[in-house]
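Breakdown of the fold
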Amino acid sequence: MARWEGFNQCPGCGLDLATGEGERSCAWGECPYLPEDLDVYCPYCRFNYFTMEGNPPCDDPEHCEHGVEPRSHIANLRAWLASRPPRR
């Protein structure tokens with residue numbers, strides 16, 4: 001099993017890992033425990049490759065060199081989200 005497959009958010013954390021929105025149960029801006037293989041944000045500009053939302057400085061974020069690794073994590077995030085019980 002990959003490290004990301006067994007990842008669980010902290011109790012009480014309302015952070016939506018797909019959108020980056022929601023109430024966190026800690027004071028961190030981002031989840032400090034998020035496995036790298038679930039991180040779909042550009043390390044340069046924080047563009048979300050899962051939702052395709054953000055304000056990237058590049059003309060074509062789908063082909064930006066900074067997004068190669070985050071784009072490769074999209075399938076992992078989809079699989080992780082599908083394995084979670086629905087949020088209430």
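What counts, and at which threshold
Residues numbered from 1 in each chain as written. Predicted model: local features only at pLDDT ≥ 70, side-chain atom pairs only at ≥ 80, totals over all residues. Heavy atoms only, no water. 1 Å grid on protein atoms, 1.4 Å probe; cavity = no way out; pocket = protein on both sides within 12 Å on 5 of 7 lines; lining within 4 Å. Points joined across faces, edges and corners; volume = space filled by probe spheres on them. Nonpolar A, V, L, I, M, F, W, Y, C, P; charged D, E, K, R; others polar. Helix = DSSP H or I, 4+ residues; strand = E, 2+ residues; numbered from the N terminus. Disulfide = S-S within 2.5 Å. Buried < 20%, exposed > 50% of the residue type's maximum accessible area, 1.4 Å probe, protein only.

**Re the layout of surface pockets**
Approximately 220 Å³ is the volume attributed to the second largest pocket. Around the second largest pocket sit 14 residues that line it, and Glu 30, Cys 31, Leu 34, Tyr 41 and Arg 46 are the ones nearest its centre. Tallied by class, the residues present in the lining of the second largest pocket amount to six nonpolar, two polar and six charged.

**Some words on empty space enclosed by the protein**
Over the atoms, a rolled probe matching the size of one water molecule traces out where space is still vacant. All chains considered together, the criterion is met by one cavity of 30 Å³ or more. Estimates place the volume of the largest cavity at around 70 Å³. Every residue along the wall of the largest cavity is listed here: Gln 9, Cys 10, Cys 13, Leu 15, Arg 24, Cys 26, Cys 31, Pro 32 and Tyr 33. Classifying every residue of the lining of the largest cavity by side-chain character gives seven nonpolar, one polar and one charged.

**As for unusual backbone geometry**
In the Ramachandran plot, Arg 46 falls in the positive-phi region, its phi being about 70 degrees despite a non-glycine side chain. Topologically, Arg 46 is positioned in the segment before α1 (68–72). One non-glycine residue, Met 52, adopts positive backbone phi at about 60 degrees. Take Met 52: it is sitting in the segment before α1.

**Considering the state of the cysteines**
Taken as a whole, this structure holds zero disulfides when the rule is applied. There is no disulfide at Cys 26, and the cysteine sulfur nearest it, in Cys 13, is 6.2 Å away. A relative accessible area of 37% places Cys 26 in the partly exposed class. Considering cysteine sulfurs only, Cys 58 is the nearest to Cys 64, which forms no disulfide, with 3.9 Å between them. When its relative accessible area of 11% is taken as the criterion, Cys 64 is described as buried.

Just geometry here; none of it tells us what the structure is for.
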